[in-house]
Amino acid sequence: MAGIYIHVPFCFSRCHYCDFFKSTKLQFKEQYLEKLIEELADRRGFFKEGNDLIQSIYFGGGTPSLISVHWLEKILQYIFANYKVDADPEISIEVNPDDLSPDYLRGLKNSGINRLSIGIQSFFDDDLKKMGRRHDAIQSRQVLPWAFN
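For every chain, the first residue of its written sequence is number 1, and the numbers climb from 1 along that sequence. In keeping with the model being predicted, local features are shown solely for residues with a pLDDT of at least 70 and side-chain atom pairs are shown and tallied solely at 80 or more, while totals for entire chains, interfaces and linings include all residues. Side-chain metrics in this entry use all non-hydrogen atoms of the structure; hydrogen atoms and water are not considered.

## Side note on the sheet that holds strand β4 (residues 115-118)
Where we set the bar: A strand pair is defined by DSSP finding two or more bridges across the two strands. Helix and strand labels come from DSSP, where a helix needs a run of H or I of at least four residues and a strand needs a run of E of at least two; each type is numbered from the N terminus. Angles here are taken between N-to-C directions and fall from 0 to 180 degrees, while the axes themselves are lines fitted to C-alpha atoms, restricted in helices to the stretch in contact.
Across the sheet, which stays open at both edges, the four strands sit in the order β1-β2-β3-β4 with parallel pairing between neighbours. Whereas interior strands pair on both sides, the edge strands pair on one side only; in this sheet they are β1 (2-8) and β4. Averaged over neighbouring strand pairs, the angle between their axes works out to 15 degrees when direction is ignored.

See the structure below:
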């Protein structure tokens with residue numbers, strides 16, 4: 001099984017527990033995404049003569065839900081046009097509850113993303129504050145039904 005992992009290193013704020021590479025300098029987000037497309041072009045040769053079938057595409061982070069649906073579609077279109085992708089790949093994205101809206105989730109689904117990893121570390125506000133999370137327990141509960149529509 002072959003897969004593509006795309007790291008989105010941007011966050012609005014730093015969570016105390018997170019050791020992953022990240023930056024709160026959001027002004028570089030678009031430049032990073034443009035360079036990401038270039039790297040996808042450079043990495044095509046990584047797969048053995050195009051024989052490896054991509055079965056998984058994963059947007060991790062950082063906070064991939066800071067990326068607009070437009071950019072996610074652009075990245076996915078590039079991958080599908082330039083890599084050998086399974087007819088029904090698993091396409092996952094990590095999202096934060098405070099970045100979600102019904103419209104954004106609908107856009108994710110329409111773009112081809114078919115799996116969410118929602119960053120709900122707790123349903124208790126005190127825990128969320130200690131971790132440095134931007135959302136609260138109410139937001140966490142609110143987004144779950146949206147994810148099933």
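Moving on, there is more to tell.
## Regarding the confidence of the model for the protein
Here is the rule we go by: pLDDT: the predictor's confidence for each residue, scored from 0 to 100.
Looking at the protein, the pLDDT average stands at 86 and 87% of residues meet or exceed 70. At the level of individual helices and strands, the protein shows its lowest average pLDDT in helix α4 (residues 125-131), which scores 82, and its highest in helix α2 (residues 69-82), which scores 96.

## Looking at the packing of helix α1 (residues 29-42) against α2
What counts here: Here the word oblique covers every angle except those under 35 degrees (roughly parallel), over 145 (roughly antiparallel) and from 65 to 115 (roughly perpendicular). Any two residues whose heavy atoms approach within 4.5 Å are treated as being in contact. In the scheme used here, Gly and all other residues not listed as nonpolar or charged are polar, with Ala, Val, Leu, Ile, Met, Phe, Trp, Tyr, Cys and Pro taken as nonpolar and Asp, Glu, Lys and Arg as charged.
Between α1 and α2, the shortest axis-to-axis distance is 10 Å and the interhelical angle comes to 10 degrees. By the angle class used here, α1 and α2 are roughly parallel. Between α1 and α2, the contacting residues are Glu-30, Leu-33, Glu-34, Leu-36, Ile-37, Leu-40 and Ala-41 on the first element and Trp-71, Lys-74, Ile-75, Tyr-78 and Ile-79 on the second. Among the residues making up the contact of α1 with α2, the classes are represented as nine nonpolar, no polar and three charged.

## Overview of the side chain of Ser-111
Take Ser-111: it is sitting in helix α3 (residues 102-111). Apart from the residues lying within four places of it in its own chain, the contact partners of Ser-111 are Glu-73 and Leu-76.

## Focus: the pairing of strand β3 (residues 85-95)
Formally: With the strands aimed away from the viewer, a crossover counts as right-handed if its path from the first strand over the helix to the second runs clockwise.
Taken together, the five bridges between strand β2 (residues 54-61) and β3 define a ladder with parallel strand orientation. Directly across from Tyr-58, in β3, lies its bridge partner Ser-92. Each parallel crossover has a hand, and the one from β2 via α2 to β3 is right-handed. Here β3 runs beside β4; their pairing, made up of four bridges, is parallel. Directly across from Ser-92, in β4, lies its bridge partner Arg-115.

## So, the packing of α2 against α3
Interaxial distance between α2 and α3 falls to 10 Å at its minimum, and their mutual angle equals 10 degrees. Put simply, α2 runs roughly parallel to α3. Along the contact surface, α2 presents Val-69, Leu-72, Glu-73 and Leu-76, while α3 presents Tyr-104, Gly-107, Leu-108 and Ser-111. Class assignment of the residues belonging to the contact of α2 with α3 gives a composition of five nonpolar, two polar and one charged.

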